[in-house]
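Given next are the chains, with one letter for each unit.
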Amino acid sequence: MSHHTATVPATWVARWAGALLCLAVAAIHVVDQGGIVVTRDPYYIGVAYHVLEIAAVVTAALLLIGLVRLGGLLAAMVAIGPLLGYSLSRGPGLPYYSDDVGNWTEPLGLVSLAVEGALLLLSVPLFVRSLRRST
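Not measured: the values here are computed from a predicted model.

Notes on the overall build of the chain
Assigned secondary structure in the chain consists of four helices and zero strands. In sequence order, the chain lays out its α and β elements as α-α-α-α. Sequence-distant contacts, at least 24 apart, represent 64% of the contacts inside the chain between residues at least 6 apart. Side chains of the chain carry 7 positive and 7 negative charges; the gap between the two charge centres is 24 Å.

What follows is the structure in structure tokens.
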């Protein structure tokens, strides 16, 4: 078996797994905000949720159609953004948003952390591998 044939299925599986994880990130945040058409308060948090959900769906599509470099980079961002938001909202709090300060064990938040962590662990090597292939 050649080196090329061994990596194609692995990349295909990683792309599909990344796409599914991106869609899971979007779904978790839709549930957390109370629906697709609902915007959380404060307004900037609600807008950030909508931007994340759209970015996650677009990223899933990019991964599925084979745009691995862009998809891998965006997937890492889709993972890092909510991880950072979770840490800030539970730690020091965010401007005009202190409802979740200290709420580290919220079940949906823990599921979100697991999904975003898995997406980050998958997307970084996928992106780095895509850089190596182009050189």
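Things to note about a nonpolar patch on the surface
On the surface, Trp12, Val13, Trp16, Leu20, Leu23, Val57, Leu64, Ile65, Leu67 and Leu70 cluster together to form a nonpolar patch covering roughly 940 Å² of accessible area. Among the secondary structure elements, those contributing two or more residues to the nonpolar patch are helix H1 (3–33) and helix H2 (43–65). The leading source of residues in the nonpolar patch is H1, at five residues. Within the secondary structure, Trp12 sits in helix H1.

Some thoughts on H2
Under the 1.5 Å per step criterion, the end-to-end length of H2 is 33 Å for 23 residues, consistent within 8% with the ideal 33 Å. For H2, the complete set of buried residues consists of Ile45, Gly46, Tyr49, His50, Leu52, Glu53, Ala56, Thr59, Ala60, Leu62 and Leu63. Directly beyond the C-terminal end of H2, a positive phi value near 100° is found at Gly66.

Some thoughts on unusual backbone geometry
Note that the residue after Asp41, namely Pro42, is joined by a cis bond; omega there is -5°. You can see Pro42 is positioned in the loop between H1 and H2. In this structure, Tyr96 is a non-glycine residue whose phi angle is positive, near 60°.

Here's the deal with the side chain of Thr59
With respect to the element layout, Thr59 can be found in helix H2. The exposure class assigned to Thr59 is buried, which follows from its relative accessible area of 1%. Residue contacts for Thr59: discarding those within four places in its chain leaves Cys22, Gly71, Leu74, Ala75 and Val78.

Examining helix H3 (residues 68–90)
For H3, built from 23 residues, the straight-helix expectation of 33 Å at 1.5 Å per residue is met to within 8% by its first-to-last C-alpha distance of 33 Å. Among the residues of H3, Val68, Gly71, Gly72, Ala75, Ala76, Val78, Ala79, Pro82, Tyr86, Ser89 and Arg90 are the ones counted as buried.

Side note on the layout of surface pockets
Here the largest pocket defines a volume of roughly 470 Å³. Lining the largest pocket are 23 residues, with His29, Tyr49, Pro82, Gly85 and Tyr86 positioned closest to its centre. Elements that contribute at least two residues to the lining of the largest pocket include exactly H1, H2, H3 and helix H4 (107–134). Among the elements that take part in the lining of the largest pocket, H3 stands out by supplying seven residues, more than any other. Residues that form the lining of the largest pocket fall into these classes: 12 nonpolar, six polar and five charged.

Rules and cut-offs
- Each chain has its residues counted from 1, running along the sequence as written.
- pLDDT decides what is reported in this predicted model: residues at 70 or higher carry local features, side-chain atom pairs at 80 or more are listed and counted, and totals for whole chains, interfaces and linings draw on all residues regardless.
- As a convention, hydrogens and water are excluded, and side-chain values are obtained from all of the structure's heavy atoms.
- To qualify as a helix, a DSSP run of H or I must reach at least 4 residues; to qualify as a strand, a run of E must reach at least 2; elements of each kind are numbered from the N terminus.
- Whether two residues are in contact is decided by their heavy atoms: any pair within 4.5 Å suffices.
- By the counting scheme adopted, Arg and Lys are positive, Glu and Asp are negative, and His together with the chain ends is not counted.
- All charge positions are set by atom: Lys at NZ, Arg at CZ, Asp at CG, Glu at CD.
- Residues enter patches when their relative accessible area tops 30% and they take part in no salt bridge; the joining distance is 9 Å for like charges and 5 Å for the nonpolar side chains Val, Leu, Ile, Met, Phe, Trp and Tyr.
- For accessible areas, the Shrake-Rupley method is used with a probe of radius 1.4 Å. Any residue's cover is judged against the shown protein chains and nothing else.
- The working definition used for a salt bridge is a side-chain nitrogen of Lys or Arg within 4 Å of a carboxyl oxygen of Asp or Glu.
- To estimate how far a helix should extend, the number of its residues minus one is multiplied by 1.5 Å.
- The rule is simple: take the accessible area with a 1.4 Å probe, protein chains only, and divide by the maximum for that residue type; under 20% is buried, over 50% is exposed, in between is partly exposed.
- Of the grid points, spaced at 1 Å and generated over the protein atoms alone, those admitting a 1.4 Å probe that cannot get out make up cavities, while open sets with protein on both sides within 12 Å along at least five of seven lines make up pockets; any residue with an atom within 4 Å of a point is treated as lining.
- Grid points are joined across faces, edges and corners, and a volume is the space filled by probe spheres set on the points.
- When residues are grouped by polarity, Ala, Val, Leu, Ile, Met, Phe, Trp, Tyr, Cys and Pro land in nonpolar, Asp, Glu, Lys and Arg in charged, and all others, Gly among them, in polar.

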